[in-house]
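An overview of the molecular structure
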Amino acid sequence: MKPGAGPVRLPWRWLFDSPLVLAAWAAAALCCFAAVRFVAAVRAAERARQRAGTVLAQVAAEAAALEVAGVSARRLPFAMSMGGVQVRVEAAGSGLLLTANPRGSEARQFRSARLPGAASAAFGEPLTVARPEPDFAAQLPAIDAAAVATAWAAEALPWFRRDVGVALLHFDAGTEADDFVFDPGLSQLGLPATVDLVVVPGNLWVEPGRAPLRLPLERDLTVVVRGNLYVGRSLAIDGPGRLVFASTTCAGGAGFVDRDGNGRWSAGEPTCEGLPFRGRHEGAGNVHLGLPGHGPALEVAAGLVVAGQLHLRCSARVAGPVVLAHAPHDLAGPPARLRATGDRLFVPDREVVPGFLSEGAPRAGLLLPVPGPSVVAERPLYPAAPAR
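Residues numbered from 1 in each chain as written. Predicted model: local features only at pLDDT ≥ 70, side-chain atom pairs only at ≥ 80, totals over all residues. Heavy atoms only, no water.

Focus: the side chain of glutamate 282
With respect to the helices and strands, the residue glutamate 282 is situated in the loop between β15 (243-247) and β16 (287-289). One polar contact links the side chain of glutamate 282 to the main-chain amide nitrogen of glutamate 176, over a distance of 3.0 Å. Here the side chain of glutamate 282 touches asparagine 203 through a polar contact of 3.2 Å, side chain to side chain. The contact partners of glutamate 282, leaving out residues within four places of it in the chain, are Thr175, Glu176, Ala177, Asn203, Asn228, Tyr230, Phe256, Gly263 and Arg264. (Helix = DSSP H or I, 4+ residues; strand = E, 2+ residues; numbered from the N terminus. Polar contact = N/O pair within 3.5 Å; in protein donor to acceptor, adjacent residues only side chain to side chain. Contact = heavy atoms within 4.5 Å.)

Pasting the structure below:
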(Lines give C-alpha, C1' and ligand atoms only; values in the text may rest on other atoms or scores of the structure.)
Protein backbone atom coordinates (compact mmCIF):
# COMPACT_ATOMS: atom_id res chain seq x y z
CA MET A 1 0.00 0.00 0.00
CA LYS A 2 1.42 3.33 -1.03
CA PRO A 3 1.99 5.98 1.60
CA GLY A 4 -1.04 8.20 1.91
CA ALA A 5 -3.32 5.82 0.01
CA GLY A 6 -6.80 5.41 1.45
CA PRO A 7 -8.75 2.13 1.97
CA VAL A 8 -10.04 0.36 -1.11
CA ARG A 9 -13.75 1.00 -1.68
CA LEU A 10 -15.86 -1.40 -3.69
CA PRO A 11 -19.02 -0.05 -5.27
CA TRP A 12 -22.32 -1.74 -4.37
CA ARG A 13 -23.03 -2.50 -7.95
CA TRP A 14 -20.43 -5.27 -8.03
CA LEU A 15 -23.01 -7.40 -6.18
CA PHE A 16 -25.17 -7.33 -9.32
CA ASP A 17 -22.69 -6.86 -12.19
CA SER A 18 -21.53 -10.50 -12.37
CA PRO A 19 -23.91 -13.13 -13.79
CA LEU A 20 -22.57 -15.64 -11.27
CA VAL A 21 -23.43 -13.33 -8.38
CA LEU A 22 -26.91 -12.72 -9.80
CA ALA A 23 -27.42 -16.47 -10.15
CA ALA A 24 -26.36 -16.97 -6.53
CA TRP A 25 -28.85 -14.36 -5.35
CA ALA A 26 -31.63 -15.92 -7.42
CA ALA A 27 -30.81 -19.38 -6.07
CA ALA A 28 -30.90 -18.09 -2.49
CA ALA A 29 -34.28 -16.38 -3.07
CA LEU A 30 -35.71 -19.52 -4.65
CA CYS A 31 -34.49 -21.60 -1.74
CA CYS A 32 -36.16 -19.26 0.76
CA PHE A 33 -39.37 -19.26 -1.26
CA ALA A 34 -39.33 -23.06 -1.50
CA ALA A 35 -38.73 -23.36 2.25
CA VAL A 36 -41.68 -21.08 3.03
CA ARG A 37 -43.94 -23.00 0.62
CA PHE A 38 -42.76 -26.29 2.10
CA VAL A 39 -43.59 -25.21 5.65
CA ALA A 40 -47.01 -23.93 4.49
CA ALA A 41 -47.68 -27.22 2.68
CA VAL A 42 -46.74 -29.23 5.76
CA ARG A 43 -49.07 -27.17 7.93
CA ALA A 44 -51.90 -27.43 5.36
CA ALA A 45 -51.40 -31.19 5.21
CA GLU A 46 -51.58 -31.39 9.00
CA ARG A 47 -54.80 -29.38 9.03
CA ALA A 48 -56.25 -31.60 6.31
CA ARG A 49 -55.23 -34.69 8.30
CA GLN A 50 -56.94 -33.31 11.38
CA ARG A 51 -60.12 -32.52 9.42
CA ALA A 52 -60.11 -35.95 7.80
CA GLY A 53 -59.66 -37.57 11.22
CA THR A 54 -62.57 -35.57 12.61
CA VAL A 55 -64.86 -36.54 9.70
CA LEU A 56 -63.90 -40.22 9.93
CA ALA A 57 -64.42 -40.18 13.68
CA GLN A 58 -67.85 -38.55 13.37
CA VAL A 59 -69.01 -40.97 10.65
CA ALA A 60 -67.92 -43.98 12.71
CA ALA A 61 -69.49 -42.54 15.87
CA GLU A 62 -72.76 -41.95 13.99
CA ALA A 63 -72.78 -45.57 12.87
CA ALA A 64 -72.09 -46.79 16.41
CA ALA A 65 -74.83 -44.54 17.84
CA LEU A 66 -77.36 -45.97 15.40
CA GLU A 67 -76.17 -49.50 16.21
CA VAL A 68 -76.78 -49.16 19.96
CA ALA A 69 -79.89 -46.93 19.76
CA GLY A 70 -82.21 -49.64 21.04
CA VAL A 71 -79.67 -51.50 23.18
CA SER A 72 -80.23 -51.57 26.92
CA ALA A 73 -77.76 -49.63 29.05
CA ARG A 74 -76.93 -52.88 30.82
CA ARG A 75 -75.30 -54.19 27.62
CA LEU A 76 -72.88 -51.28 27.46
CA PRO A 77 -69.98 -50.64 26.96
CA PHE A 78 -70.04 -51.58 23.30
CA ALA A 79 -67.14 -51.57 20.83
CA MET A 80 -67.05 -51.71 17.06
CA SER A 81 -64.72 -50.92 14.16
CA MET A 82 -65.62 -49.06 10.96
CA GLY A 83 -63.21 -48.05 8.22
CA GLY A 84 -60.19 -48.34 10.46
CA VAL A 85 -61.81 -46.33 13.27
CA GLN A 86 -62.31 -48.00 16.63
CA VAL A 87 -65.39 -46.76 18.50
CA ARG A 88 -66.30 -47.42 22.11
CA VAL A 89 -69.78 -46.58 23.38
CA GLU A 90 -70.43 -46.12 27.11
CA ALA A 91 -73.40 -45.05 29.17
CA ALA A 92 -73.09 -41.47 30.46
CA GLY A 93 -76.00 -40.62 32.71
CA SER A 94 -79.14 -40.92 30.62
CA GLY A 95 -77.16 -40.59 27.37
CA LEU A 96 -74.19 -42.05 25.55
CA LEU A 97 -70.49 -41.23 25.45
CA LEU A 98 -68.80 -42.29 22.22
CA THR A 99 -65.01 -42.36 21.82
CA ALA A 100 -63.76 -42.71 18.23
CA ASN A 101 -60.06 -43.39 17.61
CA PRO A 102 -59.10 -43.04 13.92
CA ARG A 103 -55.89 -44.78 12.89
CA GLY A 104 -52.99 -42.34 12.96
CA SER A 105 -55.02 -39.51 14.50
CA GLU A 106 -56.17 -38.26 17.89
CA ALA A 107 -59.25 -39.76 19.55
CA ARG A 108 -62.47 -37.75 19.44
CA GLN A 109 -65.35 -37.93 21.90
CA PHE A 110 -69.04 -37.27 21.30
CA ARG A 111 -72.15 -37.22 23.47
CA SER A 112 -75.60 -38.28 22.39
CA ALA A 113 -78.95 -38.37 24.13
CA ARG A 114 -81.02 -41.55 24.17
CA LEU A 115 -84.42 -40.66 22.77
CA PRO A 116 -87.68 -42.59 23.19
CA GLY A 117 -88.53 -41.89 19.56
CA ALA A 118 -88.60 -39.20 16.89
CA ALA A 119 -90.31 -35.83 16.96
CA SER A 120 -93.27 -35.19 14.68
CA ALA A 121 -92.15 -34.60 11.09
CA ALA A 122 -93.96 -31.24 11.17
CA PHE A 123 -91.17 -29.82 13.39
CA GLY A 124 -88.74 -30.24 10.51
CA GLU A 125 -90.91 -28.25 8.05
CA PRO A 126 -91.26 -24.44 7.87
CA LEU A 127 -95.05 -24.58 7.45
CA THR A 128 -97.59 -27.38 7.94
CA VAL A 129 -101.33 -26.86 7.52
CA ALA A 130 -103.77 -29.67 8.23
CA ARG A 131 -105.74 -31.00 5.31
CA PRO A 132 -109.19 -32.56 5.35
CA GLU A 133 -107.80 -36.09 5.12
CA PRO A 134 -108.01 -37.84 8.52
CA ASP A 135 -104.61 -39.53 8.18
CA PHE A 136 -102.89 -36.18 7.68
CA ALA A 137 -104.42 -34.71 10.84
CA ALA A 138 -103.08 -37.67 12.79
CA GLN A 139 -99.53 -36.65 11.80
CA LEU A 140 -99.75 -33.27 13.56
CA PRO A 141 -97.79 -32.98 16.83
CA ALA A 142 -99.58 -34.36 19.88
CA ILE A 143 -99.21 -32.75 23.30
CA ASP A 144 -97.72 -35.01 25.99
CA ALA A 145 -100.41 -34.78 28.66
CA ALA A 146 -98.24 -36.46 31.31
CA ALA A 147 -95.37 -34.01 30.77
CA VAL A 148 -97.72 -31.02 30.78
CA ALA A 149 -99.28 -32.18 34.06
CA THR A 150 -95.88 -31.97 35.80
CA ALA A 151 -94.50 -28.96 33.93
CA TRP A 152 -93.50 -25.62 35.41
CA ALA A 153 -96.36 -23.15 35.84
CA ALA A 154 -95.89 -19.63 34.54
CA GLU A 155 -96.64 -18.16 37.99
CA ALA A 156 -93.56 -19.90 39.42
CA LEU A 157 -91.07 -18.31 36.99
CA PRO A 158 -89.73 -14.73 36.85
CA TRP A 159 -90.24 -14.55 33.08
CA PHE A 160 -94.02 -14.26 33.41
CA ARG A 161 -96.33 -11.91 35.29
CA ARG A 162 -100.13 -11.86 35.63
CA ASP A 163 -101.63 -8.63 34.24
CA VAL A 164 -105.30 -7.88 34.89
CA GLY A 165 -105.50 -4.90 32.55
CA VAL A 166 -103.55 -5.80 29.42
CA ALA A 167 -106.57 -7.18 27.52
CA LEU A 168 -108.63 -4.00 28.06
CA LEU A 169 -105.88 -1.95 26.41
CA HIS A 170 -106.56 -3.68 23.09
CA PHE A 171 -110.13 -5.05 23.14
CA ASP A 172 -113.24 -3.34 24.52
CA ALA A 173 -114.56 -6.46 26.20
CA GLY A 174 -111.18 -7.64 27.53
CA THR A 175 -110.86 -11.36 28.24
CA GLU A 176 -112.39 -13.77 30.71
CA ALA A 177 -109.34 -15.95 31.34
CA ASP A 178 -106.28 -14.90 33.34
CA ASP A 179 -103.81 -12.90 31.26
CA PHE A 180 -100.02 -13.22 31.50
CA VAL A 181 -97.26 -11.08 30.00
CA PHE A 182 -93.51 -11.42 29.72
CA ASP A 183 -91.99 -9.40 32.54
CA PRO A 184 -89.76 -6.81 30.82
CA GLY A 185 -87.51 -6.37 33.84
CA LEU A 186 -86.85 -10.01 34.67
CA SER A 187 -86.80 -11.71 31.28
CA GLN A 188 -83.07 -11.09 30.87
CA LEU A 189 -82.33 -13.29 33.90
CA GLY A 190 -83.00 -16.45 31.93
CA LEU A 191 -84.65 -19.63 33.15
CA PRO A 192 -83.38 -22.33 35.51
CA ALA A 193 -81.38 -25.00 33.70
CA THR A 194 -84.03 -27.65 34.35
CA VAL A 195 -86.88 -25.76 32.66
CA ASP A 196 -87.80 -26.90 29.15
CA LEU A 197 -91.61 -26.87 29.41
CA VAL A 198 -93.87 -24.13 30.81
CA VAL A 199 -97.67 -24.07 31.05
CA VAL A 200 -99.57 -20.77 30.96
CA PRO A 201 -103.03 -21.26 32.55
CA GLY A 202 -104.75 -18.61 30.45
CA ASN A 203 -103.80 -16.11 27.74
CA LEU A 204 -100.23 -15.02 27.01
CA TRP A 205 -99.38 -11.56 25.64
CA VAL A 206 -96.25 -10.18 23.98
CA GLU A 207 -96.99 -6.53 24.59
CA PRO A 208 -96.42 -3.92 21.86
CA GLY A 209 -93.12 -2.06 21.91
CA ARG A 210 -90.66 -0.28 19.64
CA ALA A 211 -87.84 -2.79 20.09
CA PRO A 212 -88.17 -6.56 19.84
CA LEU A 213 -88.66 -8.54 23.03
CA ARG A 214 -85.35 -10.38 23.57
CA LEU A 215 -85.34 -13.66 25.48
CA PRO A 216 -82.14 -15.50 26.44
CA LEU A 217 -82.39 -19.23 25.78
CA GLU A 218 -79.57 -21.72 26.26
CA ARG A 219 -81.80 -24.76 25.65
CA ASP A 220 -85.03 -25.59 23.83
CA LEU A 221 -88.24 -24.43 25.50
CA THR A 222 -91.91 -25.11 24.82
CA VAL A 223 -94.59 -22.79 26.23
CA VAL A 224 -98.04 -24.39 26.28
CA VAL A 225 -100.74 -21.70 26.35
CA ARG A 226 -104.10 -22.89 27.67
CA GLY A 227 -105.83 -19.96 26.07
CA ASN A 228 -104.87 -17.52 23.32
CA LEU A 229 -101.50 -16.12 22.30
CA TYR A 230 -101.36 -12.41 21.40
CA VAL A 231 -98.14 -11.16 19.76
CA GLY A 232 -97.89 -7.37 19.61
CA ARG A 233 -94.23 -6.91 18.68
CA SER A 234 -91.27 -8.79 17.28
CA LEU A 235 -89.57 -11.44 19.38
CA ALA A 236 -85.86 -12.33 19.28
CA ILE A 237 -83.94 -15.19 20.89
CA ASP A 238 -80.43 -14.74 22.31
CA GLY A 239 -78.66 -18.08 22.49
CA PRO A 240 -78.83 -21.51 20.84
CA GLY A 241 -82.21 -22.48 22.34
CA ARG A 242 -85.35 -22.77 20.23
CA LEU A 243 -88.73 -21.55 21.46
CA VAL A 244 -92.07 -23.11 20.52
CA PHE A 245 -95.49 -21.70 21.49
CA ALA A 246 -98.31 -24.24 21.53
CA SER A 247 -101.84 -22.85 21.90
CA THR A 248 -104.37 -25.47 23.00
CA THR A 249 -108.13 -25.59 23.16
CA CYS A 250 -109.52 -26.59 26.52
CA ALA A 251 -112.81 -26.91 28.41
CA GLY A 252 -112.84 -23.15 28.95
CA GLY A 253 -113.05 -22.12 25.31
CA ALA A 254 -112.98 -23.02 21.64
CA GLY A 255 -111.12 -21.88 18.57
CA PHE A 256 -113.06 -19.65 16.18
CA VAL A 257 -112.59 -17.31 13.25
CA ASP A 258 -112.76 -13.74 14.59
CA ARG A 259 -114.07 -12.16 11.39
CA ASP A 260 -114.81 -8.73 12.85
CA GLY A 261 -111.53 -8.60 14.80
CA ASN A 262 -113.08 -7.49 18.10
CA GLY A 263 -111.32 -10.16 20.14
CA ARG A 264 -114.46 -12.06 21.14
CA TRP A 265 -116.92 -14.42 19.51
CA SER A 266 -119.79 -12.78 17.66
CA ALA A 267 -122.91 -14.37 16.26
CA GLY A 268 -122.24 -16.02 12.92
CA GLU A 269 -118.49 -16.56 13.42
CA PRO A 270 -117.65 -20.24 12.77
CA THR A 271 -115.79 -22.37 15.28
CA CYS A 272 -112.80 -24.44 14.22
CA GLU A 273 -114.51 -27.71 15.10
CA GLY A 274 -117.75 -26.80 13.36
CA LEU A 275 -119.66 -27.11 16.64
CA PRO A 276 -121.68 -24.44 18.48
CA PHE A 277 -119.51 -21.92 20.30
CA ARG A 278 -118.94 -22.54 24.01
CA GLY A 279 -116.86 -21.23 26.90
CA ARG A 280 -114.96 -17.96 27.33
CA HIS A 281 -115.92 -15.23 24.89
CA GLU A 282 -112.31 -14.82 23.62
CA GLY A 283 -112.11 -18.55 22.92
CA ALA A 284 -108.98 -20.66 23.33
CA GLY A 285 -106.27 -22.09 21.12
CA ASN A 286 -106.18 -18.98 18.90
CA VAL A 287 -103.08 -17.00 17.96
CA HIS A 288 -103.14 -13.31 17.00
CA LEU A 289 -100.06 -12.03 15.15
CA GLY A 290 -100.36 -8.28 15.52
CA LEU A 291 -102.70 -6.26 17.72
CA PRO A 292 -105.13 -3.49 16.75
CA GLY A 293 -103.22 -0.35 15.75
CA HIS A 294 -99.69 -1.65 16.45
CA GLY A 295 -96.89 -2.37 14.00
CA PRO A 296 -96.73 -2.98 10.23
CA ALA A 297 -94.83 -6.30 10.41
CA LEU A 298 -93.44 -8.82 12.90
CA GLU A 299 -90.27 -10.91 13.16
CA VAL A 300 -90.93 -13.90 15.42
CA ALA A 301 -87.91 -16.09 16.24
CA ALA A 302 -90.07 -18.91 17.58
CA GLY A 303 -92.23 -21.78 16.39
CA LEU A 304 -96.04 -21.90 16.52
CA VAL A 305 -98.31 -24.90 17.02
CA VAL A 306 -101.87 -23.58 16.71
CA ALA A 307 -104.76 -25.83 17.66
CA GLY A 308 -107.32 -23.06 17.07
CA GLN A 309 -107.23 -20.26 14.52
CA LEU A 310 -104.25 -18.14 13.46
CA HIS A 311 -105.24 -14.50 12.85
CA LEU A 312 -103.00 -12.15 10.86
CA ARG A 313 -103.34 -8.43 11.59
CA CYS A 314 -100.04 -7.73 9.79
CA SER A 315 -97.37 -9.50 7.77
CA ALA A 316 -95.17 -11.77 9.86
CA ARG A 317 -91.95 -13.75 9.42
CA VAL A 318 -91.73 -16.77 11.72
CA ALA A 319 -88.37 -18.53 12.12
CA GLY A 320 -89.49 -21.72 13.84
CA PRO A 321 -91.82 -24.46 12.57
CA VAL A 322 -95.39 -23.25 12.00
CA VAL A 323 -97.98 -26.00 12.48
CA LEU A 324 -101.59 -24.99 11.87
CA ALA A 325 -104.70 -27.07 12.37
CA HIS A 326 -106.55 -24.60 10.10
CA ALA A 327 -105.56 -22.17 7.37
CA PRO A 328 -104.73 -18.66 8.69
CA HIS A 329 -107.36 -15.90 8.67
CA ASP A 330 -106.32 -12.49 7.34
CA LEU A 331 -107.66 -9.55 9.35
CA ALA A 332 -105.50 -6.89 7.67
CA GLY A 333 -106.54 -7.34 4.06
CA PRO A 334 -104.54 -8.68 1.09
CA PRO A 335 -101.19 -7.04 2.06
CA ALA A 336 -100.80 -9.28 5.16
CA ARG A 337 -98.70 -12.36 4.56
CA LEU A 338 -97.31 -15.15 6.71
CA ARG A 339 -93.79 -16.20 5.79
CA ALA A 340 -92.28 -19.25 7.50
CA THR A 341 -88.51 -18.91 7.00
CA GLY A 342 -87.46 -22.22 8.55
CA ASP A 343 -84.41 -20.69 10.25
CA ARG A 344 -85.01 -22.48 13.57
CA LEU A 345 -86.27 -25.96 12.71
CA PHE A 346 -85.66 -29.29 14.42
CA VAL A 347 -84.21 -32.55 13.11
CA PRO A 348 -87.20 -34.82 13.80
CA ASP A 349 -85.37 -38.14 13.36
CA ARG A 350 -82.71 -37.20 15.91
CA GLU A 351 -84.46 -34.75 18.26
CA VAL A 352 -87.53 -34.49 20.45
CA VAL A 353 -89.48 -31.34 21.27
CA PRO A 354 -90.30 -30.74 24.95
CA GLY A 355 -93.96 -31.23 25.76
CA PHE A 356 -94.79 -33.28 22.66
CA LEU A 357 -95.12 -37.03 22.23
CA SER A 358 -92.42 -38.84 20.29
CA GLU A 359 -93.03 -41.36 17.54
CA GLY A 360 -91.42 -44.64 16.48
CA ALA A 361 -88.65 -46.72 18.04
CA PRO A 362 -85.97 -45.50 20.49
CA ARG A 363 -82.94 -43.90 18.87
CA ALA A 364 -79.82 -41.89 19.51
CA GLY A 365 -79.94 -38.12 19.40
CA LEU A 366 -77.66 -35.76 17.52
CA LEU A 367 -73.95 -36.14 18.19
CA LEU A 368 -72.40 -33.29 20.15
CA PRO A 369 -68.59 -33.11 20.17
CA VAL A 370 -66.95 -33.11 23.58
CA PRO A 371 -64.57 -30.11 23.68
CA GLY A 372 -60.92 -31.09 23.68
CA PRO A 373 -57.63 -29.14 23.80
CA SER A 374 -57.97 -25.94 21.81
CA VAL A 375 -54.45 -26.23 20.34
CA VAL A 376 -53.17 -29.38 18.67
CA ALA A 377 -49.51 -29.99 19.47
CA GLU A 378 -47.33 -29.94 16.34
CA ARG A 379 -45.42 -33.14 15.60
CA PRO A 380 -41.86 -33.05 14.25
CA LEU A 381 -41.47 -34.04 10.62
CA TYR A 382 -38.60 -36.44 11.46
CA PRO A 383 -37.82 -38.25 14.72
CA ALA A 384 -35.17 -36.60 16.87
CA ALA A 385 -31.64 -37.98 16.71
CA PRO A 386 -30.58 -40.03 19.74
CA ALA A 387 -28.39 -38.24 22.26
CA ARG A 388 -24.72 -39.17 22.11
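Having seen the structure, we can now continue with the description.
Here we look at empty space enclosed by the protein
Enumeration according to the criterion identifies 1 cavity of 30 Å³ or more in this entry. Taken as a whole, the largest cavity encloses approximately 30 Å³ of empty space. Taken together, Ala118, Ala119, Ser120, Phe123, Val352, Val353, Phe356, Leu357 and Ser358 make up the lining of the largest cavity. (1 Å grid on protein atoms, 1.4 Å probe; cavity = no way out; pocket = protein on both sides within 12 Å on 5 of 7 lines; lining within 4 Å. Points joined across faces, edges and corners; volume = space filled by probe spheres on them.)

Examining the packing of aromatic side chains
Under the defined criterion, the tally for this structure stands at 11 aromatic pairs. Both rings, one in phenylalanine 123 and one in phenylalanine 346, keep their centres 5.9 Å apart while their planes meet at 70 degrees; by these two values the pair is edge-to-face. Separated by 223 residues along the polypeptide, phenylalanine 123 in the loop between β4 (108-115) and β5 (127-129) and phenylalanine 346 in the loop between β23 (338-340) and β24 (363-364) bring together distant segments of the chain. The burial state of phenylalanine 123 is the same as that of phenylalanine 346; both residues are buried. Three or more aromatic residues link up through ring pairs in this structure, and these residues are Trp159, Phe160, Phe182 and Phe245. (Phe/Tyr/Trp six-rings, centres within 6.5 Å; stacked < 30°, edge-to-face > 60°. Buried < 20%, exposed > 50% of the residue type's maximum accessible area, 1.4 Å probe, protein only.)

Here's the deal with a nonpolar patch on the surface
On the surface, Phe38, Val39 and Val42 cluster together into a nonpolar patch covering about 240 Å² of accessible area. Within the element layout of this structure, valine 39 appears in helix α2 (residues 19-67). (Patch = residues over 30% accessible without salt bridge, like charges linked within 9 Å, V, L, I, M, F, W, Y side chains within 5 Å. Areas by Shrake-Rupley, 256 points an atom, 1.4 Å probe, with all protein chains shown as cover. Salt bridge = Lys/Arg side-chain N within 4 Å of Asp/Glu carboxyl O.)

Looking at the nonpolar core
Most often, soluble globular proteins keep nonpolar side chains buried together rather than apart. Ranked by size, the top nonpolar core spans 40 residues in total, and within it Leu204, Leu243, Phe245 and Leu289 carry the most contacts. If one sorts the elements of this core by residue count, strand β12 (residues 221-225) sits on top with 3 residues. Those residues in contact with leucine 243 that lie beyond four places of it in its chain are Leu215, Leu217, Leu221, Val223, Leu235, Ile237, Ala302 and Gly303. (Core = buried A, V, L, I, M, F, W, Y, C linked by side-chain atoms within 4.5 Å.)

A short note on the pairing of strand β8 (residues 179-182)
Successive side chains on a regular strand alternate, one facing one side of the sheet and the next facing the other. Side chains Asp179 and Val181 project from β8 onto one buried face, and the interleaved Phe180 and Phe182 project onto a second face that is buried too. In this structure, strand β7 (residues 160-162) lies alongside β8, joined through 3 bridges in antiparallel fashion. Counted as the bridge partner of arginine 161 is valine 181 from β8. Where β8 and strand β10 (residues 203-206) come together, 3 bridges link them in parallel fashion. Residue pairing for β10: aspartate 179 is matched across the bridge by asparagine 203. (Pairing = 2+ DSSP bridges.)

Scope: geometric values only; no functional claims are made or implied.
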